[in-house]
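Working through the structure, step by step
Each chain is listed here by its residues.
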Amino acid sequence: MFETLKKATLDKIFVLMAEYAADPRDGKIDLGVGVYKDPKGVTPVLNSVRKAEQRILDTAKTKVYKGVVGNKEFSAAVVDLALGGVVDLKRIRCVNGAGGTGALSILMNVLSRARPGGRIFISDPSWPNHWPMAELVGLKPVYYPYFDHQTRLVDFDAMMKVVDGLTPDDTILLHGCCHNPTGANLTPAQWDIVAASLQRTGAFPLVDLAYLGFGDGLEADAYGVRKIVSSVPESMVAFSASKNFGLYRERAGVAIAIAKDSDSADVVSSQMQNVIRATISQTPDHGAEIVRIILEDMDLRAEWEAELKEMRERMQRLRVKLAEAIRQRSNSKDFDFIAEHSGMFSLLGLKPEVVEKLKLEDAVYMINDSRINVAGIPEDRVGELADKMLAAIG
Ligand code: LMR
């Protein structure tokens, strides 16, 4: 039977992660997979997370099923954090997802039931998993222009030409903040324009919110998603706690559906629950419970916000340092955009052969489209990294 199968293409991010792990060279630099790293190059367990985890160990009496919707208090705390009360809670229904990807998958499945074969517009470029996820549930992915490869900023005019032409049958997938892979983001004024366009066209927004707090702060990063969900009658948001809580492998996420009224929200909720039951039956709870404890406890929440700020500011500092090091060495402002981008990533615009050379000759790993994870920049070797990059570019 298996002979009927063809070998599937694996996601380039995880292929690169395996290559990096297998590379025996000392001093290798990992700018690949999007995980935060501290100055020692370690992806830490946050102190707030450790404390919440300890509380679970000390007090949990059971590991019995939570129910199909998962940890409701976790969902409620996330809705409050991400949406900040801009939509009446009567219109909102949530289920937990296995991470942000799990949340997206539930939402896309429901979308595909509502609009079999419907078009879903995805930014060009986007996180490489968006496209296959849409295809897997039978939606039809289509690109909308997003990035100007010359300026390395958002090509907003080109984007709006397509967005303004969407129909009520179309879905648009928006990165809530910290665009992956480019690092180029919409300004608040641009979010306002996108929201007004969706109001006009009736196109349906699905917001992927995987990096809340990694860009300009929790409130600033929430501007776009809040603007969108408060402007249109129906929308969806996939929230991930993987990055901002450092809970990668715990798979904590929330699928949020916002309907026009409470009755409609109940219908969407039943569909989300039906998808979960038929796929994984229940979502994991350990990470969800950690986040719930942190967000509901004033002290732990303050500690987490401070840890999040530290991660964010470290990434911003690394951006500035790399941009400066390249500017000093090359006498050009060509890479100043690295400091202007925000979030975890920047798309450098290097040719594939340059990326390959950096990997093979210098053990510098980045995704083959030249996306770098800025948290992977070794702070004490920024000059060396700039030298290597400039030498490879030639
Ligand atoms: C990334 O983009 O590197 C991260 O979101 C990890 C992943 O799942 O792809």
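Conventions we followed
Residues numbered from 1 in each chain as written. Predicted model: local features only at pLDDT ≥ 70, side-chain atom pairs only at ≥ 80, totals over all residues. Heavy atoms only, no water. Buried < 20%, exposed > 50% of the residue type's maximum accessible area, 1.4 Å probe, protein only. Helix = DSSP H or I, 4+ residues; strand = E, 2+ residues; numbered from the N terminus. Pairing = 2+ DSSP bridges. Domains from an automatic or database assignment. Contact = heavy atoms within 4.5 Å. Buried area = accessible area lost by both parts, 1.4 Å probe. Salt bridge = Lys/Arg side-chain N within 4 Å of Asp/Glu carboxyl O. Near = heavy atom within 4 Å. Polar contact = N/O pair within 3.5 Å; in protein donor to acceptor, adjacent residues only side chain to side chain. Areas by Shrake-Rupley, 256 points an atom, 1.4 Å probe, with all protein chains shown as cover. Core = buried A, V, L, I, M, F, W, Y, C linked by side-chain atoms within 4.5 Å. Lys, Arg positive; Asp, Glu negative; His and termini not counted. Axes fitted to C-alpha atoms, helices over the stretch in contact; angles between N-to-C directions.

1. Topic: the pairing of strand β7 (residues 235-240)
Looking along a regular strand, one sees the side chains alternate between the two faces of the sheet. The buried count for β7 comes to six of six residues, which makes it a mostly enclosed element. Of the two faces of β7, the one lined by Ser235, Val237 and Phe239 and the one lined by Met236, Ala238 and Ser240 are each fully buried. Pairing analysis gives four bridges linking strand β6 (residues 204-209) to β7, with the strands arranged parallel. Each residue of the ladder has a partner; that of Leu209, found in β7, is Phe239. Where β7 lies against strand β8 (residues 252-258), six bridges are found, and the strand directions are antiparallel. Residue Phe239 lies in a different strand from β8, and its bridge partner there is Val254.

2. Looking at the domain arrangement of the protein
Interfaces are often described in size by the accessible area the parts lose on coming together. The assigned domain composition of the protein is domain 1 (7-45 + 306-393) and domain 2 (49-299). Of the residues lining the interface, 26 residues belong to domain 1; the matching set on domain 2 comes to 30 residues. With both sides pooled, the region where domain 1 packs onto domain 2 buries about 2100 Å², and carbon together with sulfur makes up 59% of that total. Looking at the side of domain 1 facing domain 2, the largest losses of area belong to Val45, Leu308 and Leu347, adding up to 25% of the total buried there. In this structure, the connection of domain 1 to domain 2 is made through zero salt bridges.

3. Describing the pattern of salt bridges
Scanning the model with the defined rule gives 24 salt bridges in all. A salt bridge links Arg314 to Glu379; its shortest N-O distance comes to 3.2 Å. Note that Arg314 is positioned in helix α12 (residues 298-330) and Glu379 in the loop between β11 (371-373) and α15 (382-393), a separation of 65 residues in sequence. Since its relative accessible area comes to 23%, Glu379 is described here as partly exposed. For the salt bridge of Arg381 with Glu384, the shortest nitrogen-to-oxygen distance reads 2.9 Å. Linked through salt bridges whose partners overlap, the residues forming this network are Arg314, Arg317, Lys321 and Glu379.

4. Re the site of the ligand
The environment of the ligand is formed by Ile13, Phe14, Val33, Gly34, Trp127, Asn180, Tyr211, Lys243, Phe345 and Arg371. In this structure, Trp127 approaches the ligand through a side-chain N or O atom, which is 2.9 Å from an oxygen atom. At a separation of 3.0 Å, an oxygen atom of the ligand approaches a polar side-chain atom of Asn180. Across the complex, the protein chains shield 86% of the 260 Å² of accessible surface that the ligand would expose by itself. Both domains that furnish three or more residues to the shell around the ligand are identified here as domain 1 (7-45 + 306-393) and domain 2 (49-299).

5. Concerning the nonpolar core
A general tendency of soluble globular proteins is for nonpolar side chains to be buried together. In terms of nonpolar packing, the biggest core is built from 133 residues, with Met108, Met159 and Ile256 touching the most fellow members. Counting only domains with at least three residues in this core, you end up with domain 1 (7-45 + 306-393) and domain 2 (49-299). Apart from residues lying up to four places away in sequence, Met108 is in contact with Ile120, His130, Met133, Ala134, Val137, Leu139, Leu173 and Leu206.

6. Topic: the environment of Phe204
Mapped onto the fold, Phe204 is located in strand β6. With relative accessibility at 9%, the residue Phe204 sits in the buried group. Residues Phe204 and Asp169, 35 residues apart in the sequence, show an inter-C-alpha distance of 7.6 Å. For Phe204, the residues in contact, after removing those within four places along its chain, are Leu111, Arg115, Asp170, Thr171, Ile172, Glu234, Ser235 and Met236.

7. Here's the deal with the side chain of Glu307
Relative to the assigned elements, Glu307 resides in helix α12. Among buried charged residues, Glu307 stands out as having no salt bridge; its nearest opposite-charge side chain is Lys51, 7.6 Å away. One polar contact links the side chain of Glu307 to the main-chain amide nitrogen of Asn47, over a distance of 2.7 Å. When neighbours within four sequence positions are excluded, Glu307 is seen to be in contact with Leu46, Asn47 and Ser48.

8. Examining the sheet that holds β6
With mixed pairing, seven strands are arranged side by side in an open sheet as β2-β8-β7-β6-β5-β3-β4. On the outer flanks of this sheet lie β2 (92-98) and β4 (140-145), each paired with one strand and no other. Here the average twist between neighbouring strands, direction ignored, is 25 degrees. Contacting β5 (171-175) and β6, helix α7 (residues 188-201) runs over the sheet at an angle of about 165 degrees to β5.

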